[in-house]
There are 4 protein chains.
Amino acid sequence: MGSIFGRIFRVTTWGESHGKGIGAVVDGCPAGLELTEEDIQKYLDRRKPGQSVYSTPRSESDAVEILSGVFEGQTTGTPIALEIRNKTQRSADYSEIAEIYRPGHADFTFDRKYGIRDYRGGGRSSGRETAARVAAGAVAAKIIGRLGITVKAYTRSIGDICIGGFDKDEIFHNPLYMPDKAAAEKAQAYLDELRSSGNSAGGVVECVIKNVPVGLGDPVFDKLDADLAKAMLSIGAAKGFEIGEGMNAARLTGLDNNDGFVLKDGDTVKSSNHSGGVLGGMSDGSDIVFRVAFKPTPSISSVQHTVDRHGNERDISVKGRHDPIIVPRAVVVVETMAAIVIADKLLENMTVRMDRIEQFYRR
Amino acid sequence: MGSIFGRIFRVTTWGESHGKGIGAVVDGCPAGLELTEEDIQKYLDRRKPGQSVYSTPRSESDAVEILSGVFEGQTTGTPIALEIRNKTQRSADYSEIAEIYRPGHADFTFDRKYGIRDYRGGGRSSGRETAARVAAGAVAAKIIGRLGITVKAYTRSIGDICIGGFDKDEIFHNPLYMPDKAAAEKAQAYLDELRSSGNSAGGVVECVIKNVPVGLGDPVFDKLDADLAKAMLSIGAAKGFEIGEGMNAARLTGLDNNDGFVLKDGDTVKSSNHSGGVLGGMSDGSDIVFRVAFKPTPSISSVQHTVDRHGNERDISVKGRHDPIIVPRAVVVVETMAAIVIADKLLENMTVRMDRIEQFYRR
Amino acid sequence: MGSIFGRIFRVTTWGESHGKGIGAVVDGCPAGLELTEEDIQKYLDRRKPGQSVYSTPRSESDAVEILSGVFEGQTTGTPIALEIRNKTQRSADYSEIAEIYRPGHADFTFDRKYGIRDYRGGGRSSGRETAARVAAGAVAAKIIGRLGITVKAYTRSIGDICIGGFDKDEIFHNPLYMPDKAAAEKAQAYLDELRSSGNSAGGVVECVIKNVPVGLGDPVFDKLDADLAKAMLSIGAAKGFEIGEGMNAARLTGLDNNDGFVLKDGDTVKSSNHSGGVLGGMSDGSDIVFRVAFKPTPSISSVQHTVDRHGNERDISVKGRHDPIIVPRAVVVVETMAAIVIADKLLENMTVRMDRIEQFYRR
Amino acid sequence: MGSIFGRIFRVTTWGESHGKGIGAVVDGCPAGLELTEEDIQKYLDRRKPGQSVYSTPRSESDAVEILSGVFEGQTTGTPIALEIRNKTQRSADYSEIAEIYRPGHADFTFDRKYGIRDYRGGGRSSGRETAARVAAGAVAAKIIGRLGITVKAYTRSIGDICIGGFDKDEIFHNPLYMPDKAAAEKAQAYLDELRSSGNSAGGVVECVIKNVPVGLGDPVFDKLDADLAKAMLSIGAAKGFEIGEGMNAARLTGLDNNDGFVLKDGDTVKSSNHSGGVLGGMSDGSDIVFRVAFKPTPSISSVQHTVDRHGNERDISVKGRHDPIIVPRAVVVVETMAAIVIADKLLENMTVRMDRIEQFYRR
């Protein structure tokens, strides 16, 4: 249960890390969108491991195949099935992970909930699951791109190292996706040190969505920021979400935190953006700005104390080469999950005014 | 749209601040739960304004009436309609709020999205909407209480003033619901100062859920923490959510952040709780601990610059007596929304194992 | 559970026959629709009992109150709470119905499923529950009416007596809502006879929806006719649903049953309507025509053999004055449930084409 | 949109007739169910064309592959992805079907709704789509089978030829899946005649579900029979649904139609089954019996008059070898869709009583 996301633009994902493959089905994608495998592949390539020493060096190809819903280069309005076959079904030795509950992982909770678990490579709880979201989110990104909306995520901080400036072009020039070269270099040194000592680091991803029409999101439960928060916390290892001033809003006064309105070219716009682009759960026309905190990679080679599934205390040192940080690979996941939320809200928002419904049907 | 929350235990709320009333319908509440209006009223009374100088001094009574779903003191499994009639429909002067977009409020976004707005007292975007959630959440709290699960929220910080110690009994002994008398006194002084200068403060609510069975929540989109995040960000004025180490997890190393497992009375338990009680989206048996940041009350009497709905720049000083802080009244909202999420996940979790399904039907 | 209907235009109903009242909350109604209590009351009045000797002669007033979602005569896009308070909470003697399982009623199944039951007047399984649907459906009818769509239901047959001709004006001129005066008279004689012998009759309601745009409904699970079927079978006592040729389609050949297409004023239209207005789950531009079969009223005064809740065989003669036929009062329920389905599909259909989404947002 | 079915046991299907393949994702299947590809293949083989002269003689193999959710022969509680690759992507000449609206098909409605259509072999509206449902339904059938529930569908009538007796063993001994050898032979002669004259026939499928626990289904919108009706009408070419007495209930009197209760081995059971196993929307312990009417195959070689997508009137004779009847291949679709509904209701029903929830968690 719980593998379907969205209300109109609905994404179902499936697949385990070391099973036959992973995939997503997108139901509710509008017809008439130009869509190719390349549109999706370019997003997948951004979360591909092995791109740097900071990510798992195995050679996943993650080649996506569109199996349905696209005809002669255009979506048809029917479900779009996206599939990534696992190329290599490694015959690794999983005996340890099959038996011992790794700290910081879902091994224990999965076993207790379901009584059975595909332990190979983390199974359904592997970070690999996010590839299916990225594939589906690439479709959403294409939709919202057609309306001029852009979503851009990047690494804001790693450990205590936070970006100082913001150089858009730098993001894709360092393996950490940080928009600040100096910070990236500092963070790389920090990560090198942690890796060599069998440790790992956490970090924060920031995401900015531009050109969002005013009014996306609903005023009560399905607030835009509420659904963004759900989307973000649904990414493995995410531990916090904040929009606009976020946690810091708690320390401000009303005078500091309120955004005034002014006229700009005849339109009403906010004069500041403490709100992060959402007022009362609805987009307010400013950039949507939010941050997601990711915990350090739980798989570390340092010895940790734990328990096995037979109720014996054990020590474990998680073998294999693991990313010393999740954040760089999470950047594109944040970006595509945000695109899914925005696409869904765009569709929902078309149905809320009687005058526009009449215009639509009286064409 | 967007006024229904939950998958099995589903809550629909309705109502505007100064309309005829507000209410909630709970669909999916199990039959055979003892439930009285008093069970609900005691939660509503906790968010009642006028309890202190820090909350709006009008005399709302917020008397709830159960209209359906309860028979001879027990729920019947049919929808429970809860209603709170607005006693006084004040003939206040709303001309200003009807015309001018208050900074930090949903006036502008509501107008743009729907083209029409019940501006009286904030309408649907008023904090008063949360009374309906509290009523529904009181039902959820009763359910989970039957299983020994407790949810307790309190004010963790106001502005820069954070609790130092934790005195459970103190929570209900100060109007700010802080579990630390000294901090509460300091915060009161801070709020007095802000109010007198036409300003307001934000703060953080912390919530602790105890005795949650292992395994609530699903491993992908419907993670327990993801749905808690959505629930919390759906509360007006919430700007951030964090679970366990939260945003701070980004600054820790894997060694510091991972929780080991140990045996305790033969059962597997975590030896620390950096995770905040959730691993891989499923409850891990530790206390669930999360925090929600609330922005300062946007209604302040200080003069602010804004625009009216006719496209003229204007100054506004929000009249009326407003809480200088939202947090104390949000405490019970956080608590009851958390109860709704837990109740829903409890029900969902009953259906995930074939052996238990067979036991259930082979009784 | 199971008291919410629809995907975008979502209706939640609540209430028991002899509780404090019944009601509905409509979430997802577009803003800017003119709506008054009178708009709803006129539908409710059509299912009011006591209008003729063929319906229960107690004086329910069923006065609806709009509690939210309407401001200055227009919907605001927020949930519309509709409430009908039960005027008289009769202190009838329910000892028999509380103990004995009435044949043809839900007493037995309700008890077994929930273990508790509000037995007064049938509780949640009473026909009175449909008043809440009618209230919500009146809102839907207003929406679709703005687009020129009309829904008209009437009694097609009672027992073996089927309408011969079709006189639209006659429908409201006989208490059976039959569009054929002669058939209505014959049916009345039949019903008189049955009532006097402690028996009851079934019948068929037919519904015609005109001016539906082509393309409502989805091609797979959420077909227009599939959702109409669900809506109709969800009405108590409904036992069959058929669209177009319906059950009779099974006896036709392809040549007889296929509808050709022709040009009419330059537009493509069907030359016949065996399909009943739906092709491949989507409206095809012809009238939508379907029929619903209702079983005879199960409450009859004739002695029937049954069992009580304590496991004793018993005889029962259902006391009180009951309609000898459900059909006339079901006519407006069929009509309003159909309106709900059409309204929901109208909204869903706005989001399925990229070119129209772009037009919408590039206004 | 509209390609997801179910509330807890949720099935998403995808795929077009002549695309790369079709498939289904089952979310919400409980963990610990033994499941193999063979379990599914045996259901798929029953709808395989080419089994007789009455079904399309092309050699589809329809080999299903389980891509996820099963580990070491057991379901893990994660989504089960089922895939059937299309083996042959025939380079047929679709120019006619691409341009001309076939009577009785979704060509016209699909074009109007989406503006684009994968016309090859009917695309998403092809009967081939049902293979994905059958695959998913086979999983449901396995679940309910574990509880002793059986679902059995068969052909009840073809044209005017209805079964007389009922010989269970005969069902799989004739290509029409009729439980009456004489009727089957008569029907075959009728079909031979129709085929040779370029025509086709309709028919009725009947389905019997045994050993269903009392209480499945909800009393209002999500009635068991309402969801069965939706499931059945969602199958292409279905035009009518009836449960128990069905449409005939309209002609009966209360005395004839009501089912009394009696004691049998100490348990309360119905003494007849006019209701078809459902009372007030909940299963009543008797066999669930329903019928679905299917229209004649719309693809016939006889010349029909229609319009093309450019607005020209045209004649069409649908080429290719088409089944002269849909019914025999629909039998297994009815059966598996019914299994999906029952499985979903079984899971839902576990959450409705507080005492059982307490038992469940206090194990």
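Quick caveat: nothing in here was measured; it's all calculated off a predicted structure.

> Looking at this structure, I do not really get the overall build of chain A. What am I missing?
Counting secondary structure elements, chain A contains nine helices and 18 strands. Whereas a compact globule of 363 residues would reach a radius of gyration of roughly 21 Å, chain A reaches 21 Å, a difference of no more than 12%. Its C-alpha atoms give chain A principal-axis dimensions of roughly 65 × 50 × 40 Å. Taken across its 363 residues, chain A has 70% of its residues classed as buried. In chain A, once contacts between residues fewer than 6 apart in sequence are set aside, the share between residues at least 24 apart is 68%. About 11000 Å² of surface is accessible on chain A, with carbon and sulfur atoms providing 47% of the total. Put simply, chain A has 46 plus and 49 minus side-chain charges, and the middle of one group is 3 Å from the middle of the other.

> What should I look at first to understand the interface of chain B and chain A in this one?
For interface size, the figure often reported is the accessible area lost on association. Tallying the contact residues gives 108 residues for chain B and 108 residues for chain A. Interface area for chain B against chain A, summed over the two sides, is near 8500 Å², with a carbon-plus-sulfur share of 61%. Contact with chain A buries surface across chain B, with B:K113, B:F221 and B:K239 losing the most and accounting together for 11% of the total. Applying the counting rule to chain B against chain A returns eight salt bridges. Here A:D222 ties to B:K230 by a salt bridge, and the two come within 2.7 Å at their closest N and O atoms. Where chain B packs against chain A, one counts 49 residue pairs in polar contact (both at pLDDT 80 or more). Split by residue class, the side of chain B that touches chain A holds 46 nonpolar, 37 polar and 25 charged.

> So what exactly am I meant to see when it comes to unusual backbone geometry here?
Glycine aside, a negative phi is what most residues show, and trans is what most peptide bonds show. Its identity as a non-glycine residue notwithstanding, C:E72 has a phi of 50 degrees, on the positive side. Taking the relative accessible area as the measure of exposure, C:E72 reaches 64% and is therefore exposed. Unusually for a residue other than glycine, D:Y177 sits at a positive phi of about 55 degrees. With respect to the secondary-structure elements, D:Y177 resides in the loop between β9 (161-162) and α5 (181-196). Residue classification places D:Y177 among the buried residues on the basis of a relative accessible area of 9%.

> Would you take a moment to explain the sheet that holds strand β2 (residues 10-15) of chain D for this structure?
Paired through their backbone hydrogen bonds, the strands of a sheet run either parallel or antiparallel. Residues and elements named next belong to chain D. One open sheet accounts for five strands, arranged β1-β2-β3-β7-β4; its pairing is antiparallel. In the strand order of this sheet, the two ends are held by β1 (4-5) and β4 (64-66), each with one partner. Pairing between strand β3 (residues 21-27) and strand β7 (residues 80-85): six bridges, direction antiparallel. Counted as the bridge partner of V25 is A81 from β7. Helix α1 (residues 37-47) rests against β4 and β7 of the sheet, and its axis sits at about 155 degrees to β4.

> Which parts of the structure should I look at to understand the sheet that holds strand β1 (residues 4-5) of chain C?
All names here are of chain C. Reading across from one edge, β1-β2-β3-β7-β4 is the order of the five strands in this open sheet, with antiparallel pairing throughout. Whereas interior strands pair on both sides, the edge strands pair on one side only; in this sheet they are β1 and β4 (64-66). Both β1 and strand β2 (residues 10-15) contribute to a ladder of two bridges, which runs antiparallel. Paired with I4 across the bridge in β2 is T12.

> Sorry, what's going on with the packing of helix α6 (residues 224-233) of chain A against helix α6 (residues 224-233) of chain B here?
How two helices pack is summed up by the angle between their axes together with the distance between the axes. Contact pair α6(A) / α6(B): the axes reach a minimum separation of 7 Å and the direction vectors enclose 165 degrees. Comparing the axis directions of α6(A) and α6(B) gives the class roughly antiparallel. Considering how the two elements wind past one another, α6(A) and α6(B) form a crossing that is right-handed. Between α6(A) and α6(B), the residues in contact are A:D225, A:A226, A:D227, A:A229, A:K230 and A:L233 and B:D225, B:A226, B:D227, B:A229, B:K230 and B:L233, respectively. Residue composition of the contact of α6(A) with α6(B), grouped by class: six nonpolar, no polar and six charged.

> Would you explain the relation of the copies chain B and chain C in this entry?
Overlaying chain B with chain C gives an RMSD of 0.0 Å, the required rotation being 180 degrees about an axis along which the chain moves by 0.0 Å. Overall, the copies show the geometry of a two-fold rotation axis. Mapped onto chain C, 100% of the interface residues of chain B are again interface residues, and the two copies thus contact each other with one and the same surface.

> Before we go on, may I ask you to explain the relation of the copies chain B and chain A in this structure?
Between the two copies of the chain lies a relationship made up of a rotation around an axis and a movement along it. Each copy of the sequence occupies a distinct position, and chain B is placed on chain A by a rotation of 180 degrees and an axial shift of 0.0 Å, giving an RMSD of 0.0 Å. Taken together, the interface assignments show that 100% of the residues at the interface of chain B recur at the interface of chain A, consistent with an identical surface on both copies.

> Explain the side chain of C:S68 to me, please; I cannot follow it from the model alone.
Residue and element names in this part refer to chain C. Inspection of the secondary structure puts S68 in the loop between β4 and β5 (70-71). Owing to a relative accessible area of 2%, S68 belongs among the buried residues under this scheme. At a separation of 3.1 Å, a polar atom in the side chain of S68 contacts the main-chain amide nitrogen of A81.

> Help me understand the pattern of salt bridges, please; the structure alone is not making it clear to me.
Pairs can form between side chains of opposite charge once their charged atoms are near each other. Taken as a whole and assessed by the stated rule, the structure comprises 148 salt bridges over all chains. B:K270 is paired through a salt bridge with B:D284; the nearest N and O atoms lie 2.6 Å apart. Taken together, the residues span a long stretch of sequence, with B:K270 in strand β13 (residues 267-270) and B:D284 in the loop between β15 (282-283) and β16 (288-294) at a distance of 14 residues. Overlapping salt bridges, with partners in common, bring together A:K20, A:E37, A:E65, A:E83, A:R85, D:K20, D:E37, D:E65, D:E83 and D:R85 in one network.

> Hey, could you run me through the nonpolar core in this one?
Most often, soluble globular proteins have nonpolar side chains that are buried together. Ranked by internal contacts, the top residues of the largest apolar core, which has 384 residues, are A:F290, B:F290, C:F290 and D:F290. With residues near it in sequence (within four places) discarded, A:F290 still touches A:V205, A:E206, A:C207, A:I209, A:L228, A:M232, A:F241, A:E242, A:I243, A:V334 and A:A338.

> Which parts of the structure should I look at to understand helix α5 (residues 181-196) of chain B?
Residue and element names in this part refer to chain B. Compared with the 22 Å implied by 1.5 Å per residue over 16 residues, the 23 Å span of α5 between its first and last C-alpha is a close match. All buried positions along α5 are accounted for by A183, A184, A187, Q188, Y190, L191 and L194. Of the surrounding secondary structure, the elements contacted by the buried residues of α5 are β8 (150-158) and β9 (161-162). N-cap assignment for α5: the residue whose side-chain oxygen lies 3.0 Å from the backbone N of A182 is D180.

> For this particular structure, what's the right way to read the interface of chain B and chain C?
The interface of chain B with chain C comprises 43 residues on the first partner and 43 residues on the second. Of the roughly 3500 Å² buried between chain B and chain C on both sides combined, carbon and sulfur atoms contribute 61%. For the chain B face of the interface with chain C, the top three residues by lost area are B:M1, B:F71 and B:I116, together amounting to 19%. Counting across the interface, chain B meets chain C through eight salt bridges. For B:R85, the salt bridge goes to C:E83, with nearest N and O atoms at 3.2 Å. Our enumeration of links across chain B and chain C arrives at 17 residue pairs in polar contact (both at pLDDT 80 or more). Among the elements of the structure, β2 (10-15), β3 (21-27), β4 (64-66), β6 (74-75), β7 (80-85) and α3 (107-114) of chain B are those that each provide at least two residues to the side of chain B that touches chain C. A class-by-class count of the residues in the side of chain B that touches chain C yields 15 nonpolar, 15 polar and 13 charged.

> I tried to follow the confidence of the model for chain A on my own but got confused; where do I start?
Caution applies to low-pLDDT parts of the model: their predicted coordinates are not meant to be read in detail. Chain-level statistics for chain A give a pLDDT mean of 94 and a share of 95% at 70 or above. Model confidence for the complex: the whole-complex pTM is 0.97, and ipTM, which rates the interface, is 0.97.

> When you look at the packing of helix α1 (residues 37-47) of chain C against helix α8 (residues 327-348) of chain C in this model, what are you seeing that I'm missing?
All names here are of chain C. Close contact between α1 and α8 brings their axes to 7 Å; oriented N to C, the two are set at 140 degrees. In terms of orientation, α1 and α8 fall into the oblique class. Taking contact as the criterion, the partners of Y43, R46 and R47 in α1 are, on α8, R329, V331, V332, E335 and T336.

Cut-off values and rules
Along every chain, residues carry numbers that run from 1 in the direction the sequence is written. Both sets of labels track the order of writing: A upward for chains, 1 upward for ligands. Where local features are concerned, this predicted model is filtered to residues with pLDDT of at least 70; where side-chain atom pairs are given and counted, the filter is 80 or more; whole-chain, interface and lining totals use all residues. Excluding hydrogens and water, the side-chain values take into account all heavy atoms of the structure. Where helices and strands are cited, they refer to DSSP runs of H or I of at least four residues and of E of at least two residues respectively, numbered from the N terminus. Restricting the calculation to C-alpha atoms gives the radius of gyration, and the globule rule supplies 2.2 Å times the number of residues raised to the power 0.38. Relative accessibility decides the category of a residue: with a 1.4 Å probe and only protein chains considered, values under 20% of the type maximum give buried, values over 50% give exposed, and everything between is partly exposed. Contact definition: two residues touch when any of their heavy atoms are within 4.5 Å. Here the open area of atoms and residues is found with the Shrake-Rupley method and a 1.4 Å probe, where only the protein chains shown may cover a residue. Working convention for charge: Lys and Arg count positive, Asp and Glu count negative, and His plus the chain ends are omitted. For the purpose of locating charges, the reference atoms are NZ of Lys, CZ of Arg, CG of Asp and CD of Glu. Using a 1.4 Å probe, buried area is obtained as the accessible area two parts lose upon being combined, added over both of them. Salt bridge, as used here: a side-chain nitrogen of Lys or Arg that lies within 4 Å of a carboxyl oxygen of Asp or Glu. Two N or O atoms form a polar contact when they lie within 3.5 Å of each other; inside protein one atom must be a possible hydrogen donor and the other a possible acceptor, and for residues adjacent in sequence the pair counts only when both atoms belong to side chains. Gly is placed with the polar residues, together with every amino acid not listed as nonpolar (Ala, Val, Leu, Ile, Met, Phe, Trp, Tyr, Cys and Pro) or charged (Asp, Glu, Lys and Arg). Two strands are counted as paired when DSSP detects at least two bridges linking them. Each axis is a line fitted through C-alpha atoms, and for a helix only the stretch in contact is used; angles between axes span 0 to 180 degrees, taken between their N-to-C directions. Each angle receives one of four descriptions, namely roughly parallel if under 35 degrees, roughly antiparallel if over 145, roughly perpendicular if within 65 to 115, and oblique otherwise. The sense of a crossing depends on the near helix, which, turned anticlockwise from the far helix by less than a right angle, makes the crossing left-handed and, turned clockwise, makes it right-handed. Copies are brought into register by a least-squares superposition over C-alpha atoms of residues with pLDDT of at least 70 in both. We call a set of buried Ala, Val, Leu, Ile, Met, Phe, Trp, Tyr and Cys residues a nonpolar core when their side-chain atoms join them within 4.5 Å. Expected span of a helix, by definition, is 1.5 Å for each gap between consecutive residues, and there is one gap fewer than residues. pLDDT is defined as a per-residue confidence score from the predictor, taking values between 0 and 100.

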